[in-house]
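Read off the chains here:
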Amino acid sequence: MFDLLGIVRAAVLNGTPLLFGTSGEILTQKSGNMNLGVEGLMFMGGAFGLAGAFAYSTIAGDAASGLVAILVAIVCAFAAGFLGSLVFSFLTVTLKANQNVTGLALTIFGTGVGQFVGEVMRLRIGGNVTIPNALKNAFVRPVMPAFLRNIPVLGDLLFNYNLFVYVGVVMVIIMSLILNHTRMGLNLRAVGESPATADAAGISVNRYRYLATCIGGGISALGGMVYIMTISGCVWNYSALSGEGWIAVALVIFCFWKPINSLWGSVLFGALLIMYLKVPLPFIPTQIYRIVPYIATIAVLILVSMKQKKENQPPQGLGVNYFREDR
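Residues numbered from 1 in each chain as written. Predicted model: local features only at pLDDT ≥ 70, side-chain atom pairs only at ≥ 80, totals over all residues. Heavy atoms only, no water.

### Description of the overall build of the protein chain
Looking only at helices and strands, one finds 16 helices and 0 strands in the protein chain. Taking 2.2 N^0.38 as the reference for a compact globule, 327 residues should give roughly 20 Å; the C-alpha atoms of the protein chain span a radius of gyration of 20 Å, in line with that estimate. Summarising its shape, the C-alpha atoms of the protein chain cover approximately 60 × 45 × 40 Å along the three principal directions. Across the 327 residues of the protein chain, 49% fall into the buried class. Summed over all atoms, the accessible surface of the protein chain reaches about 15,500 Å², with 68% contributed by carbon and sulfur. In the protein chain, which carries 20 positive and 12 negative side-chain charges, the distance between the mean positions of the two groups comes to 4 Å. (Helix = DSSP H or I, 4+ residues; strand = E, 2+ residues; numbered from the N terminus. Rg over C-alpha atoms; globule rule 2.2 N^0.38 Å. Buried < 20%, exposed > 50% of the residue type's maximum accessible area, 1.4 Å probe, protein only. Areas by Shrake-Rupley, 256 points an atom, 1.4 Å probe, with all protein chains shown as cover. Lys, Arg positive; Asp, Glu negative; His and termini not counted. Charge placed at Lys NZ, Arg CZ, Asp CG, Glu CD.)

Structure, rendered in structure tokens:
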């Protein structure tokens with residue numbers, strides 16, 4: 001028998017980085033931009049988030065505050081993703097470069113930058129890059145009051161998580177409300193569905209695509225930071241992040257481009273990522289067991305592509321550069 005409650009908790013924790021990566025890419029794709037560079041953005045977010053927290057702990061010393069360390073990591077990771085996506089937006093929105101090729105280039109660039117930053121830090125200190133235990137605890141300790149955590153079953157199931165789990169849930173709810181119930185969200189969806197029509201209505205296509213792509217890229221980068229600072233124990237491990245961004249891209253399709261669906265989608269794939277640890281099956285080699293999430297990703301893409309429901313389709317303008325003179 002296995003610990004079902006433990007599996008659910010591990011699925012939530014391992015799904016939180018995917019939640020940020022997926023929701024950020026959903027925001028990007030709602031504008032019509034297809035940024036396949038999520039893997040690179042998450043690498044940059046993880047490396048720069050850890051670098052920011054490490055630099056702060058070095059400067060502040062014993063006076064370092066856990067809350068400040070969290071804020072520094074968030075700002076550094078978001079800024080890295082924002083700038084990376086700004087380059088992507090300039091190439092695709094302004095220069096009209098191919099979005100698929102540019103996204104793949106961003107993946108290569110981002111993973112390279114992340115590994116470079118991580119290796120530079122490691123060589124400078126002569127060992128693994130990490131932060132003091134007091135600051136580590138700030139990233140991973142539960143934030144809900146003790147009386148909620150002590151509720152039988154529900155306490156562990158709902159209230160025994162770190163700050164980023166709840167931030168991710170609130171962020172997705174807010175994003176869903178903005179996209180579906182505000183004028184700004186309506187304009188953004190119009191840009192993604194038919195940029196020519198949106199332009200004719202006086203909506204700035206370039207502005208919305210720039211903002212959605214850059215903010216979405218910053219959110220995706222936070223997923224890499226969350227992974228490094230919580231699951232990897234605030235230690236740089238570039239190999240652990242490999243594949244997270246690609247799963248996040250597949251989850252966008254699996255969730256039908258709806259932010260609220262990423263809540264359960266990320267938990268599901270978070271469970272697939274840790275099943276080989278929680279439910280060992282001796283008749284399946286570990287190497288095969290560990291690739292189950294990627295097999296599931298391929299299956300998801302096939303199944304979703306077979307469903308032709310209109311409400312489950314991507315924005316009509318997704319991946320297509322807008323040339324105003326052709327309107």
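Next comes the rest of the description.
### Regarding helix 14 (residues 262–278)
Along its 17 residues, helix 14 runs 23 Å from first to last C-alpha, staying within 8% of the 24 Å computed at 1.5 Å per residue. The sharpest bend along helix 14 reaches about 35 degrees and sits at Leu-272. Within helix 14, burial applies to Ser-262, Gly-265, Ser-266, Phe-269, Gly-270, Ala-271, Leu-273 and Ile-274. The secondary structure elements touched by the buried residues of helix 14 are helix 1 (4–30), helix 8 (163–181), helix 13 (244–254) and helix 16 (292–306). (Expected span 1.5 Å × (residues − 1). Bend = angle between axes of the 7 residues up to and from the residue. Contact = heavy atoms within 4.5 Å.)

### Some details on the pattern of salt bridges
Taken as a whole, this structure holds 1 salt bridge when the rule is applied. Here Arg-122 ties to Glu-119 by a salt bridge, and the two come within 2.7 Å at their closest N and O atoms. Of this pair, Arg-122 and Glu-119 are both found in helix 4 (residues 99–125), 3 residues apart, which corresponds to roughly one turn of the helix. Here Arg-122 falls in the partly exposed class, since its relative accessible area comes to 32%. Relative accessible area serves as the criterion here: at 27%, Glu-119 is assigned to the partly exposed category. (Salt bridge = Lys/Arg side-chain N within 4 Å of Asp/Glu carboxyl O.)

### Focus on the packing of aromatic side chains
As enumerated under the stated definition, the model contains 5 aromatic pairs in all. Residues Phe-254 and Trp-264 carry aromatic rings whose centres are separated by 5.3 Å and whose planes lie at 70 degrees to one another, so their mutual orientation is edge-to-face. With Phe-254 in helix 13 and Trp-264 in helix 14, this pair connects stretches of sequence that are 10 residues apart. Residue Trp-264 is classed as partly exposed on the basis of its relative accessible area, which comes to 45%. Grouped by ring-pair contacts, the aromatic residues Phe-254, Trp-264 and Phe-269 constitute a single cluster. The ring of Phe-323 has Lys-96 lying over it, and the distance from NZ or CZ to the ring centre is 5.6 Å. (Phe/Tyr/Trp six-rings, centres within 6.5 Å; stacked < 30°, edge-to-face > 60°. Lys NZ or Arg CZ within 6 Å of the ring centre and 35° of its normal.)

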